[in-house]
Amino acid sequence: MQKPKGTFDVIEEIQLYHMIEKAIRKMAKRFSVQEIRTPHFEHSELFHRSVGESTDVVGKETYRFQDRGGRDITLRPEGTAGVVRAFVENKLYANPQKVQKFYYVGSMFRYERPQKGRFREFNTFGVEAFGSAHPKLDAEVIELAYRLTLSLGIQPLVVHINSLGDGQSKALYKEALQAHLTPYLPSLCTDCQTRFETNPLRILDCKVDAQHEAILHAPKPLDYLVEDDQKHFKTVLHYLDAQGIPYTVDNRLVRGLDYYTHTVFEIKTDETLLGQQNTLCGGGRYNHLVETLGGPSTPAVGFGFGLERLIVALKAALKELPVESIDVYIGALGEEALVASSVLAAKLRKQNLAVESSFEPLSLKAQFKQSDRLNARFFCLLGEDEVRAGTVSIKDQITKEEATLKQSQAAFYIIDKLTHDHTCVDCDEGA
Ligand code: HAM
């Protein structure tokens, strides 16, 4: 049996997922962002109404099916729609805390052509912040995304930013775009010909016509912003300047999902790492989505990171994978010693030490080998003599120091050594 195309098993790289998830939780705490978990599948209508019928994500890439009860279901292709649905359904807008920020980490599903950095099931870290239309919130969400990437040591990083404006600006831009595209219409792909009427902005992120001169020379949204929308954008940039976050205004950036208003942004890294899939993070403001999904008018802004892309970038930043290790390996000689090793392991684990022990009465040499493979800092030996005397022989594999102690003192001895040089596997757990 083989895994389906576009999916992957995580085995050695699990450490990198843990590193990233740890950094995410740390950063979320710093920015007062609370975790939210929503279903991996939703009613299809949710994505059609939010992400948009004419987007590639919904129009071409969904895993959509009828469940056994005849319901129209879609595996979530992105996280924003589900979080907004949960915000409305659970009446979170009634919370007296005006600004509420949520984050999530989990799988998304898109039927795309798999390639480097692009999968059919991938993981996203997303943030959605509700309740303020102030540009400060746009900037803070971008800051969070930027600082997370920076904290992982990923470089180079470029924040691309643009504004689509809202209501009147969007209408003016749509008109200008349609006027520009009209003479090219017969030479555009059939999807784009349909999009011309339904949603001309989506023509700009068409994968088929990406290099078409009509698209390359299309008018820019920034040139159509009304005064208030211009002011919003300038203020976002002012906040980024104040935070020392470098950015490039990218007036071609429109993003491939329908719900955006005002600010849109992406964080990109080097193409040599990820080729065309070098966008680590994408997001923006979506001031009408809560209302579209049945809630009261609530401004919001957020982003999504692709974890697998972050992992490629993180690997390059780390040069080599961190080495997995344990604190103690307990070797046992004989059946009686195996029982004693299980009791000693329990005692050490109770003290938060990472412990492995032998499962068979192997030779001493074979057990040392197992211990080395697991990178154990201490090798504990239980032979017949030790079992009889209630003792254990302990060898520090780094300093080569050896000691024979009462089994009841082993945990204290090992913890003392580890805390002295801060090398216990779980050292920072309590910090
Ligand atoms: P998105 O740009 O469609 O935005 O996806 C977010 C990120 O997920 C991308 O920047 C990319 O790193 C990663 N990604 C997308 N497709 C794939 C794939 N097939 N394989 C691997 N990684 C992928 C959203 O999903 C929005 N919900 C972001 C957002 C949140 N906007 C506002 N709030």
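Predicted model, so just to flag it, every value in this text is computed and none were measured.

This part covers helix α5 (residues 135-151). With 17 residues, α5 should reach 24 Å at 1.5 Å per residue; the first-to-last C-alpha distance of 24 Å fits that figure. Here α5 lies mainly inside the structure; twelve of its 17 residues are buried. Among the residues of α5, Pro135, Leu137, Asp138, Ala139, Val141, Ile142, Glu143, Leu144, Ala145, Tyr146, Leu148 and Thr149 are the ones counted as buried.

Mapped onto the fold, Gln15 is located in helix α1 (residues 14-30). For Gln15, a relative accessible area of 15% puts it in the buried group. Residues contacting Gln15, with those up to four places away along its chain left out, are Pro322, Val323 and Glu324.

Moving on, we come to the site of the ligand. Among the 25 residues in the neighbourhood of the ligand, the closest are listed as Glu78, Thr80, Glu112, Glu128 and Tyr260. At 2.8 Å from a nitrogen atom of the ligand is found a main-chain nitrogen or oxygen belonging to Phe119. Counting residues per element, the ones that place at least two in the shell around the ligand are β6 (121-130), β10 (279-285) and β11 (300-306). Take the shell around the ligand: its biggest share by element is six residues, from β10. Of the residues contributing to the shell around the ligand, the split by class is nine nonpolar, nine polar and seven charged.

With that out of the way, let us pick up empty space enclosed by the protein. Evaluated as defined, the whole model comprises one cavity of 30 Å³ or more. In this structure, the largest cavity occupies an estimated 30 Å³ of space. In this structure, the largest cavity is lined by Phe31, Val33, Lys101, Val127, Ala129, Glu140, Val141 and Leu144. Those elements that provide at least two residues to the lining of the largest cavity are β6 and α5. Here the lining of the largest cavity gets three residues from one element, more than from any other, and that element is α5.

Our next topic: the pattern of salt bridges. Counting across every chain of the model gives 25 salt bridges. Across the salt bridge formed by Glu13 and Lys315, the nearest N and O atoms sit 2.3 Å from each other. Residue Glu13 is found in the segment before α1, and its partner Lys315 is found in helix α12 (residues 307-318); the two are separated by 302 residues along the sequence. Look at Glu13 and you get partly exposed, because its relative accessible area is 26%. Its relative accessible area of 35% is what places Lys315 among the partly exposed residues.

Most of strand β7 (residues 158-163) sits out of view: five of its six residues are buried. Bridging between β7 and strand β9 (residues 261-268) involves six bridges; their strand directions are antiparallel. Within β9, the position partnered with Val159 by the bridge is Ile267. One ladder, built from three bridges, connects β7 with strand β8 (residues 247-249); its direction is parallel. Of the residues in β8, the one forming a bridge with Val159 is Tyr247.

Moving on, we get to unusual backbone geometry. Following Gln155, the chain continues to Pro156 via a peptide bond in cis, the omega torsion being -5°. Take Pro156: it is sitting in the loop between α5 and β7. Despite not being glycine, Ser32 has its phi angle at roughly 55°, a positive value. Its place among the elements puts Ser32 in the loop between α1 and β1 (34-35). A relative accessible area of 56% means that Ser32 is categorised as exposed.

We now examine the environment of Val226. Summarising the element assignment, Val226 is placed in the loop between α8 (213-216) and α9 (227-243). Between the C-alpha atoms of Val226 and Thr292, which are 66 residues apart in sequence, the distance is 23 Å. Residues contacting Val226, with those up to four places away along its chain left out, are Gln168, Ser169 and Leu172.

Time to look at the sheet that holds β1. Taken in spatial order, the eight strands make up an open sheet running β1-β5-β6-β11-β10-β9-β7-β8, and their pairing is mixed. One side of each edge strand has no neighbouring strand; the edge strands of this open sheet are β1 and β8. Pairing between β1 and strand β5 (residues 100-109): two bridges, direction parallel. Counterpart to Glu35 in the pairing with β5 is Tyr103. Against the sheet, helix α4 (residues 80-89) touches β5 and β6, its axis set at about 40° to β6. In the packing of α5 onto the sheet, the strands contacted are β5, β6, β7, β9, β10 and β11, and the crossing angle to β11 comes to about 15°.

Domain parsing of the protein yields domain 1 (14-165 + 225-318) and domain 2 (326-421). Each of domain 1 and domain 2 was reduced to a C-alpha centroid, and the two centroids are 47 Å apart.

With that settled, the discussion passes to helix α2 (residues 44-52). Counting buried positions along α2 yields seven of nine residues, so the element is predominantly enclosed. Every buried residue of α2 is listed here: Ser44, Leu46, Phe47, His48, Ser50, Val51 and Gly52. Elements in contact with the buried residues of α2: β2 (41-43), α3 (56-59), β3 (64-66), β4 (72-75), α4 and α11 (289-292).

The subject of this paragraph is the environment of Leu137. Its place among the elements puts Leu137 in helix α5. Along the sequence, Leu137 and Ala300 sit 163 residues apart, while their C-alpha atoms lie 8.6 Å from each other. Other than its neighbours up to four places away in sequence, Leu137 contacts Val99, Ala129, Ser132, Arg285 and Val301.

Reading the values: rules and limits
Residues numbered from 1 in each chain as written. Predicted model: local features only at pLDDT ≥ 70, side-chain atom pairs only at ≥ 80, totals over all residues. Heavy atoms only, no water. Helix = DSSP H or I, 4+ residues; strand = E, 2+ residues; numbered from the N terminus. Expected span 1.5 Å × (residues − 1). Buried < 20%, exposed > 50% of the residue type's maximum accessible area, 1.4 Å probe, protein only. Contact = heavy atoms within 4.5 Å. Near = heavy atom within 4 Å. Polar contact = N/O pair within 3.5 Å; in protein donor to acceptor, adjacent residues only side chain to side chain. Nonpolar A, V, L, I, M, F, W, Y, C, P; charged D, E, K, R; others polar. 1 Å grid on protein atoms, 1.4 Å probe; cavity = no way out; pocket = protein on both sides within 12 Å on 5 of 7 lines; lining within 4 Å. Points joined across faces, edges and corners; volume = space filled by probe spheres on them. Salt bridge = Lys/Arg side-chain N within 4 Å of Asp/Glu carboxyl O. Pairing = 2+ DSSP bridges. Axes fitted to C-alpha atoms, helices over the stretch in contact; angles between N-to-C directions. Domains from an automatic or database assignment.

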